Amino acid sequence: MQHKLVLASNSPRRKELLKGLDIDFTVRLIPDIDETFPLELPPDETPLFIAHRKAEAYKAGMSADELIITADTVVIIDNKIIEKPTDRDDAVEMLKRLSGRKHKVVTAVVLTTKERQKDFSVCSTVDFAVLTDNEITYYVDRYKPYDKAGAYGIQEWIGYIGVRSIEGSFYNVMGLPVQRLYQELKAF
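Draft legend 1. Structural view of the nonpolar core. With 39 residues, the main nonpolar core has I69, L95, L98, V109, Y152, L176 and L181 as its most contacted residues. Residues within four places of L181 in sequence aside, it is in contact with L18, L21, I69, V109, L111, F120 and L176. Membership of the second largest hydrophobic core comes to five residues, among which are V6, A8, Y58 and I68.

Draft legend 2. Layout of the side chain of E184. Here E184 is to be found in helix α7 (residues 178-187). Judged by relative accessible area, E184 falls into the buried class, the value being 11%. A polar side-chain atom of E184 sits 2.8 Å from a polar atom in the side chain of R180. Look past the residues within four positions of E184 in its chain and what remains in contact with it is L111, K118 and F120.

Draft legend 3. The environment of K59, seen in detail. Take K59: it is sitting in helix α2 (residues 46-59). Along the primary structure K59 and T112 are separated by 53 residues, whereas in three dimensions their C-alpha atoms are 7.6 Å apart.

Draft legend 4. Focus on helix α1 (residues 12-19). Listed in full, the buried residues belonging to α1 are R13, R14, L17 and L18. The buried residues of α1 all sit within an arc of 125° when viewed along its axis, so they share a single face. In α1, the exposed positions that point more than 90 degrees away from the buried face belong to E16 and K19. Elements in contact with the buried residues of α1: β1 (4-7), β2 (25-27), β3 (66-77), α6 (170-174) and α7. A distance of 3.2 Å separates the backbone nitrogen of R13 from a side-chain oxygen at the start of α1, and that oxygen is part of S11.

Draft legend 5. Quick peek at the pattern of salt bridges. Evaluated as defined, the whole model comprises 15 salt bridges. For the salt bridge of R28 with E66, the shortest nitrogen-to-oxygen distance reads 2.5 Å. Here R28, found in the loop between β2 and α2, pairs with E66, found in strand β3; they are 38 residues apart in sequence, far enough to count as distant. Look at R28 and you get partly exposed, because its relative accessible area is 27%. Overlapping salt bridges bring together R13, D147, K148 and E156 as one network.

Draft legend 6. Quick look at the environment of D89. Looking at where D89 falls in the secondary structure, it is placed in helix α3 (residues 88-98). Once the C-alpha coordinates of D89 and T107 are considered, the two residues, 18 residues apart in sequence, prove to be 25 Å apart.

Draft legend 7. Spotlight on the pairing of β1. Sheet topology places β1 next to β3; four bridges connect them, and they run parallel. For L5, the partnering residue across the bridge sits in β3 and is L67. Note: β1 against β2, three bridges, orientation parallel. Along β2, the bridge assignment pairs L5 with F25. Read as a crossover between parallel neighbours, the route from β1 over α1 to β2 is right-handed.

Conventions and cut-offs
Residues numbered from 1 in each chain as written. Predicted model: local features only at pLDDT ≥ 70, side-chain atom pairs only at ≥ 80, totals over all residues. Heavy atoms only, no water. Core = buried A, V, L, I, M, F, W, Y, C linked by side-chain atoms within 4.5 Å. Buried < 20%, exposed > 50% of the residue type's maximum accessible area, 1.4 Å probe, protein only. Contact = heavy atoms within 4.5 Å. Helix = DSSP H or I, 4+ residues; strand = E, 2+ residues; numbered from the N terminus. Polar contact = N/O pair within 3.5 Å; in protein donor to acceptor, adjacent residues only side chain to side chain. Arc of directions from axis to C-beta. Salt bridge = Lys/Arg side-chain N within 4 Å of Asp/Glu carboxyl O. Pairing = 2+ DSSP bridges. Right-handed = clockwise from strand over helix to strand, strands pointing away.

What follows is the structure, encoded as structure tokens:
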């Protein structure tokens, strides 16, 4: 690569997924980036808006030889975004809402250098089996999915027992569509 790759994310899943591409990168964090968005924005456009906002926060401090990767993931059901749960009860309610239904997971990625920017979004549809109250509380109490959009990690126990099918990228549901990212990096 012509640029030094910088992942602008604190997500352990994004770090793990990018590491899987066998590309050297560093991680850089700017705390407290404003992730608010206009409420009238369509839900599937929201992660792109936020990923661009994150990219702008990093642009001023980047060097000419760096390529910054910013990303944002949302879970959408009933045309509404389900964010990260605020507490245990919120996580339980989120999973009850997803139980026995399909929902969308949209991840947007922005690639930024001093000279240019490229963005893309990937959408996956996840179909959950009906989950019992005991399964939901077991998962929430054991895995504490408070840092995950939609209150679940597909790579964890709940994904093993609850996901009937996925249309699209599994890794997108984890938070980074690495196959598409690899293609975009090659083209960049």
